[in-house]
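Chain residues, written in single-letter form:
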Amino acid sequence: MSNENRQNEERMEDFESYFEESLQQYHTGAEVKGTIVEIKGDTALINFGYKTEGVANVSELEGAKVGDEVELSIVKMNNDGVFLSKKAINARSDWSAIKEKENSGEPVEVKITEYVNTEKVKGYRGRVGEIEAFIPETHIDIHLKDIDPAKFVHKVVIAKILKANGGKKQSVLVSPRQYLADEVKKLRSEFFEKYTVGDKIKGAVKTLKDYGAFISLGGIDGFLHKNEMSWGRVKNPAKFLAENDVVEVVILEIDKAANKVAVGMKQLQKDPWDDAAKTYPEGSTVKGTVVARKRAGYVVEIAPGIDGFVPNEEIGWLKNTKSTLNIKDIVEGRVTGYDNERKRVIMSVKDLIDNPWKTLKEENPEGSIVKGTIKNITDFGLFVDFGSFLDGLVRKGDISWREEPVDLNELYKAGDTIEAKVLHIDEDKERISLGIKQLEANPWKEVTKLLPQGKVVDVKITAVNKQGLEVELPLEMKGVIAAAEIDPAKASLEQYNAGDTVTATVIKIDNKEKQVILSIKKYLQDSERRETKEYMKKMETNIDAGFGNIFMDKFNK
């Protein structure tokens, strides 16, 4: 065979081989390289070595221009031409990457395109590259309360692949919530490995509450109670911190089991209580604002980080009147000690005011006479304002020596001015006892002398009642003859009348009831005994005289 024939045969074999390759190369789904030869509106013509130029959408070529070489995929071949696409190549690459990440657990970026809310489906549609993705509504975030779906549309989120669906229509199910949860778990684990109680750490204020703030520490939130923000009193954390503020805190407590961390800010500063005894020495005067009431007294804020405490008994000199303070009152007191356990300066308000008991005893000692106004009348006595910090009490029994009044309202009225003697000042019971009857001598001492027990007196009847007779005595004293003590010879009390004079014997002085008890019956009995005794004595005398006469007669004979 000649060389020419041999060369022709080789050319034919090459052509056949090239033709077979071309048939294999140009088919739906094949990837080709070509050059942009023309751009018309949204369409680009691509020369890729085929008998006809391919057509591609300019939007897929990302700013390419005529003359640029591009790599595309044949998506359709028919009599209308060959249609090329960049997306198909990207989709294959994206799907391959998705499968790899599904196996490795790596997250993917999802561009959310719309929110879907139907009876069957609620969630977000998007794309991972060129692959369709779907996010269930409950998987969009860790915190689902008060979520606005619109804020996620057209946003790119990072999500974990839950399931990659292959086949003719490739898609992927993803979860941003799971990704965030995994990240939090990872960061939390790193936090617990790295930090311990006492460590300092910086974080951003995430949320403010009335009772404190949550500080984002990376993977875990630390809770900063308002009492740990400052050594002073923090009423409103929002006036002390703002959201997104970056602050330095000290770790106070770590609870790995509960994933809780407590932090503090005031610990970064010196505790002002350390110098409290020097700043507020015992005996010095301090001033502050009442901020709280306790059972035993009142808490007073003297300065930021320094509280005072006023015990109930140190508010005023009056114990039983329950002196009180009010929240926000400004009070001044003397430092009397320190409560190191509760970090409080003990204060006494009453130490800065005069003791009224001392003043009272100096100005109105027991035995002195005071003049005052009746403020109140009760069943048991009169309350008298005589210019003291407490009203004095005149009890019923201290009104008169002679007879205790039944109804004080018949004798006095509120507003009356009276004189009284100070009988007793009882500081412990906070009582001031006054007396009216003590302004004159006790007539009962004279009665005992004038009317001793057993004395017989003639008295005038002033009243007759069921109980007996009331009689008139010296010194305006009341005398009583009980019904059982009248003359037994008289049948009833009706035989006695007011104005009659009777003779009776004093049988008892009743100081409690302020009356003298007399008895007609005893007087009569005593009279009979005296008469009988005198008669018997006379008889004895007569008998003795008779016997003497007889003896003398016989002797004289």
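K.L.:
Is there a simple way to think about the overall build of the protein chain in this case?
P.N.:
Along the protein chain, the regular secondary structure elements total 7 helices and 30 strands. Relative to the 2.2 N^0.38 estimate, which gives 24 Å for 557 residues, the radius of gyration of the protein chain is 59 Å and therefore markedly larger than a compact globule would have. By its C-alpha atoms, the protein chain is 240 × 60 × 50 Å across when sized along the principal axes. Burial status across the protein chain gives 34% buried among its 557 residues. Counting only contacts in the protein chain whose residues sit at least 6 apart along the sequence, the fraction spanning at least 24 positions is 57%. Within the structure as shown, the protein chain displays about 34,800 Å² of accessible surface, and the carbon and sulfur contribution to it stands at 47%. Across the protein chain, the centroid of the 85 positively charged side chains sits 6 Å from that of the 94 negatively charged ones.

K.L.:
How should I be thinking about the packing of aromatic side chains in this particular structure?
P.N.:
Both the distance between ring centres and the angle between the ring planes are used here to describe each pair of aromatic rings. Taken as a whole, this structure holds 9 aromatic pairs when the rule is applied. Plain terms: the ring middles of Phe-48 and Tyr-50 are 5.8 Å apart, the flat faces sit at 15 degrees to each other, and that makes the pair stacked. Owing to a relative accessible area of 25%, Tyr-50 belongs among the partly exposed residues under this scheme. The interplanar angle of 85 degrees and the centroid separation of 6.0 Å between the aromatic rings of Phe-380 and Phe-383 together place this pair among those described as edge-to-face. According to the relative accessible area criterion, Phe-380 is partly exposed, its value standing at 42%. An aromatic cluster is built from Tyr-115, Tyr-124 and Phe-152, whose rings are joined through pairwise contacts. Taking the ring centre of Phe-83 as reference, the NZ or CZ of Lys-76 above it sits at 5.0 Å. Note that Lys-490 overlies the ring of Tyr-496, its terminal NZ or CZ placed 4.3 Å from the centroid.

K.L.:
How should the sheet that holds strand S19 (residues 330-339) be read in this particular structure?
P.N.:
Whether parallel or antiparallel, the strands of a sheet pair through hydrogen bonds between backbone atoms. Ordered by their spatial adjacency, 5 strands build a closed barrel running S16-S17-S18-S20-S19, and the pairing between neighbours is mixed. For this sheet, the mean inter-axis angle between neighbouring strands, taken without regard to orientation, is 55 degrees. Note: strand S18 (residues 306-311) against strand S20 (residues 344-348), 3 bridges, orientation parallel. Bridge pairing in S20 places Phe-309 opposite Ile-346.

K.L.:
What's the story with unusual backbone geometry in this structure? I'm lost.
P.N.:
Both trends apply: most residues other than glycine have a negative phi, and most peptide bonds are in trans. One non-glycine residue with positive phi stands out, namely His-154, at about 70 degrees. Within the secondary structure, His-154 is located in the loop between strand S8 (131-136) and strand S9 (156-165). At Asn-244, a residue that is not glycine, the phi angle is positive and equals roughly 80 degrees. Checked against the element boundaries, Asn-244 lands in the loop between strand S13 (221-225) and strand S14 (246-255).

K.L.:
Quick question: what am I supposed to make of the confidence of the model for the protein chain here?
P.N.:
Predicted coordinates in regions of low pLDDT should not be interpreted in detail. Mean pLDDT over the protein chain: 86, with 92% of residues reaching 70 or higher. Within the protein chain, the element-level pLDDT minimum falls on helix H1 (residues 3-25), averaging 51, and the maximum on S20, averaging 97. Confidence drops under a pLDDT of 50 for residues 15-24, and excluding neighbours within four residues, the segment shows 1 contact in the predicted structure.

K.L.:
Would you explain the sheet that holds strand S11 (residues 200-209) in this entry?
P.N.:
Sheet architecture is closed into a barrel: 5 strands sit in the order S11-S12-S13-S15-S14, paired in mixed fashion. Averaged over all neighbouring strand pairs, the angle between strand axes comes to 50 degrees, with direction disregarded. As defined by bridge partners, S13 adjoins strand S15 (residues 260-264) across 3 bridges and the pair is classed as parallel. Paired with Phe-223 across the bridge in S15 is Ala-262.

K.L.:
Explanation requested: helix H3 (residues 176-194) in the structure shown.
P.N.:
Residues spaced three or four apart along an α-helix point in a common direction, a consequence of the helix completing one turn every 3.6 residues. With 19 residues, H3 extends 27 Å between its outermost C-alpha atoms, agreeing within 8% with the 27 Å of an ideal straight helix rising 1.5 Å per residue. Burial in H3 covers these residues: Pro-176, Tyr-179, Phe-191 and Phe-192.

K.L.:
Would you take a moment to explain the environment of Val-261 for this structure?
P.N.:
Inspection of the secondary structure assignment puts Val-261 in strand S15. On the accessibility criterion, Val-261 (4% relative accessible area) is buried. Considered as a pair, Val-261 and Phe-192 are 69 residues apart in the sequence and their alpha carbons are 9.8 Å apart. Val-261 has contacts with Phe-191, Phe-192, Leu-217, Ile-220, Asp-221, Gly-222, Phe-223, Ile-251 and Glu-253, leaving out every residue within four places of it along the chain.

K.L.:
Even after reading the chapter, I still don't get the pattern of salt bridges, so can you show me in this structure?
P.N.:
It is possible for side chains bearing opposite charge to pair when their charged atoms get close. In total, this model carries 19 salt bridges according to the counting rule given. Lys-375 is paired through a salt bridge with Asp-391; the nearest N and O atoms lie 3.5 Å apart. Linking Lys-375 in strand S21 (residues 369-377) with Asp-391 in the loop between strand S22 (381-385) and strand S23 (392-395), this pair joins segments that are 16 residues apart in sequence. Within the structure, one salt-bridge network assembled from shared partners comprises Arg-233, Glu-301 and Asp-307.

K.L.:
Would you mind showing me how to read helix H6 (residues 443-450) here?
P.N.:
If you check which residues of H6 are buried, you get Pro-443, Trp-444 and Val-447. Considered in projection along H6, the buried side chains sweep an arc of 95 degrees and stay on one side of the axis. Across from the buried face of H6, at angles greater than 90 degrees, the exposed residues are Lys-445 and Lys-449. Packing partners of the buried residues in H6 comprise strand S29 (501-510) and strand S30 (515-519).

K.L.:
How should a nonpolar patch on the surface be read in this particular structure?
P.N.:
On the surface, a nonpolar cluster with roughly 300 Å² of combined accessible area is contributed by Tyr-535, Met-536 and Met-539. Within the secondary structure, Tyr-535 is located in helix H7 (residues 520-556).

Cut-offs used in this document
Residues numbered from 1 in each chain as written. Predicted model: local features only at pLDDT ≥ 70, side-chain atom pairs only at ≥ 80, totals over all residues. Heavy atoms only, no water. Helix = DSSP H or I, 4+ residues; strand = E, 2+ residues; numbered from the N terminus. Rg over C-alpha atoms; globule rule 2.2 N^0.38 Å. Buried < 20%, exposed > 50% of the residue type's maximum accessible area, 1.4 Å probe, protein only. Contact = heavy atoms within 4.5 Å. Areas by Shrake-Rupley, 256 points an atom, 1.4 Å probe, with all protein chains shown as cover. Lys, Arg positive; Asp, Glu negative; His and termini not counted. Charge placed at Lys NZ, Arg CZ, Asp CG, Glu CD. Phe/Tyr/Trp six-rings, centres within 6.5 Å; stacked < 30°, edge-to-face > 60°. Lys NZ or Arg CZ within 6 Å of the ring centre and 35° of its normal. Pairing = 2+ DSSP bridges. Axes fitted to C-alpha atoms, helices over the stretch in contact; angles between N-to-C directions. pLDDT = per-residue confidence, 0-100. Expected span 1.5 Å × (residues − 1). Salt bridge = Lys/Arg side-chain N within 4 Å of Asp/Glu carboxyl O. Arc of directions from axis to C-beta. Patch = residues over 30% accessible without salt bridge, like charges linked within 9 Å, V, L, I, M, F, W, Y side chains within 5 Å.

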